[in-house]
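Here are the chains, one letter per residue:
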Amino acid sequence: MRTIGPAFLVFVIILGAVCAAAQGQPDDDKVWSAFAAWARTVPAGSSLQGYREVLERQGLSSDEIQRRVGVIRRFASERVEGVELIYDRIFSQPLTGDPAKDGFTSTPSAFMVEATRALEPGAALDVGAGQGRNAVFLATKGWVVTAIDVSGAGLAATRANAERAGVSVATVKTTYDAFDFGTAKWDLIVMILSWAPVDDPAFVARLSASLRPGGTLVFEHVIQRAENPFPPNVHALGPGQLRTCFGGLRIERYEEVTALGDWGGPPSLLVRMVARKQ
């Protein structure tokens, strides 16, 4: 039997790409760009089914529509620009104050409030701040707060909410890779459902180095589900995994509980931790 060499495999891959182009099938990046352009021009409540109907009206085959929808779902769950688009749309919607309707709560995290109650205010960093519910609360308690997030719409809401509360919060639109956490800069770091890559030792090292001696980390996130798992960029942790991620900090409180998430439900398995740098 004749084996297939690497050169032949490369030829097959290139030929497939050429054929796809000849048939008018855009590559994955173009599929995503077209969807993103559409999503930014329609009401925030519009669904992926609405875009599927757009593709149907364009006369695309069901197989091609399914391919494009698959690309969109993958990019939305794995790429930074996908997360940004999703949350820009979510945070652009007027809030009702009802978590069941909004999909998340706009009040500060009860766990964070409790964990920081006895701390002396200093420099605080809210990682994945969203609309600033935790950042604004900390600012009202005398903390000098910096809020970071990939969503520009979320940070705009943070600034508006801070102004209404009569406080100031510095905002930085950034990714976790790009942000300079600094060294011995923060007395408090808050990470509430932040989707941060704490499963990456290099990221954890940067984060830990940015805490001042005696500084506190307050963390809450989802634990990965066996059925219907969270997408990769959520960075959901396995049971007990958080203890090993932040082994360099002194853990003062640690719990894994089934509770109502701050996004309004349903109940999920959560990990909560308060740790201090010695």
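Going by the structure above, here's the rest.
Residues numbered from 1 in each chain as written. Predicted model: local features only at pLDDT ≥ 70, side-chain atom pairs only at ≥ 80, totals over all residues. Heavy atoms only, no water.

Ordered by their spatial adjacency, 7 strands build an open sheet running 3-2-1-4-5-7-6, and the pairing between neighbours is mixed. Each of the sheet's edge strands pairs with one partner strand only, and the pair in question is strand 3 (169-173) and strand 6 (250-260). Adjacent strand axes in the sheet meet at a mean angle of 15°, parallel and antiparallel pairs treated alike. Strands in contact with helix 9 (residues 152-165) are strand 2 (144-149) and strand 3; relative to strand 3, the strand with the most contacts, it is inclined by about 175°. (Pairing = 2+ DSSP bridges. Helix = DSSP H or I, 4+ residues; strand = E, 2+ residues; numbered from the N terminus. Axes fitted to C-alpha atoms, helices over the stretch in contact; angles between N-to-C directions. Contact = heavy atoms within 4.5 Å.)

Per the stated rule, a full pass over the model turns up 10 salt bridges. Among the ionic pairs, Arg68 bridges to Glu64, the shortest N-O distance being 2.7 Å. Taken as a pair, Arg68 and Glu64 lie in helix 4 (residues 62-78) at a separation of 4 residues, close to a single helical turn. In this pair, the class of Arg68 matches that of Glu64, namely buried. Among the ionic pairs, Glu252 bridges to Arg276, the shortest N-O distance being 2.8 Å. (Salt bridge = Lys/Arg side-chain N within 4 Å of Asp/Glu carboxyl O. Buried < 20%, exposed > 50% of the residue type's maximum accessible area, 1.4 Å probe, protein only.)

The analysis is restricted to geometry; functional conclusions fall outside its scope.
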